[in-house]
Amino acid sequence: PTHFVSHAWGGTFASVVHALERYFRAAAADSVYVWLDVFAIDQRPGKAYPELDEGRMLAKVISRSEATLVVAEKDLLPLRRLWCLYELGSTPADKVQLLTLGLKDEDIVRATAGIDAEQALCFSPKDERLIHGHIRERHGSLQAFSETLRLRLLLRPTEYRADMDALRRRSAGQRFDFDDLRRFLRGNDGSGAARVAVVAGGAGTGKSTI
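Position numbers for residues start from 1 in each chain and track the written sequence from start to end. At least 70 in pLDDT is required for a residue's local features to be given in this predicted model, at least 80 for side-chain atom pairs to be given and counted, and no such filter applies to totals for whole chains, interfaces and linings, which use all residues. Side-chain metrics rest on all non-hydrogen atoms present in the structure, leaving aside hydrogens and water.

With that out of the way, let us pick up the overall build of the chain. Per the secondary structure count, the chain includes 10 helices and four strands. Secondary structure is summarised from DSSP: a helix means a run of H or I of at least four residues, a strand means a run of E of at least two, and numbering begins at the N terminus for each. Secondary structure elements of the chain occur, N-terminal to C-terminal, as β-α-β-α-α-α-β-α-β-α-α-α-α-α. Burial here depends on accessible area, computed with a 1.4 Å probe over protein chains only, as a share of the maximum for the residue type. Under 20% is buried, over 50% is exposed, and the range in between is partly exposed. The buried share of the chain, taken over its 210 residues, is 38%. Contacts are assigned to residue pairs that have any heavy atoms within 4.5 Å of one another. Across the chain, the fraction of contacts at a sequence separation of at least 24, relative to all contacts at a separation of at least 6, is 79%. Under the convention used here, a 1.4 Å probe and the Shrake-Rupley method define accessible areas, while residue burial counts only the protein chains that appear. Summing over all exposed atoms, the chain offers an accessible surface of approximately 12,800 Å²; the carbon and sulfur share of this is 52%.

Centres within 6.5 Å are what make two rings of Phe, Tyr or Trp a pair, Trp counting through its six-membered ring; a difference in plane orientation under 30 degrees is then read as stacked, over 60 as edge-to-face, and the rest as tilted. Within this structure, the stated rule accounts for four aromatic pairs. Geometrically, the ring pair formed by Phe-13 and Phe-39 is edge-to-face, given 6.1 Å between the ring centres and 80 degrees between the ring planes. Here the residue Phe-13 occupies a position in helix H1 (residues 13–24), and Phe-39 occupies one in helix H2 (residues 37–40), the gap between them amounting to 26 residues. Relative accessible area serves as the criterion here: at 43%, Phe-13 is assigned to the partly exposed category. Relative to Tyr-86, the ring of Trp-83 lies with its centre 6.0 Å away and its plane at 75 degrees, an arrangement referred to as edge-to-face. Separated by three residues within a single helix, Trp-83 and Tyr-86 lie in helix H5 (residues 82–89), roughly one turn from each other. Trp-83 sits in the buried class, given a relative accessible area of 18%.

What follows is the structure in structure tokens.
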């Protein structure tokens, strides 16, 4: 697969599809292959973790994917589900992409700060025991694992596609001529000294659009 998809079973499949359609809408159809648990592994109680070779197959799928896409609906269920946290913890920090579906930053921060692997819901008691055991082996404790995930998500930006869409709409039809700026940065005094340009302005004046 090109992308591993993590989602909470308490959400709706339509929301997952909508989030993925939105994320991949500019991609060529034959260049995207997503891994979805509902199609890839046995979903009967207690079957998923053993089928994933006690996490080893999961780690292999994630390592071969370009990114792990976490579909976070309005209540951010994935951050309260043990399987989703385990998938997050199995993904390198630079490959995690949180699809937040327009959620407010304060809601995301609040949910992230509340990550707790010990209290996270898992529908299969057997899977819960196995996952908890694997987490303890790798991280020493569930608390240490939870703290790692909290820091990982709080210290990196979440999904910014909605912001980029808004910027494109605001700048539609506009053209920017940066020739003068390029000439300034190159310099014309022969000194070869480096130059820096700063885009300054108040809030809402278009700095990000530029």
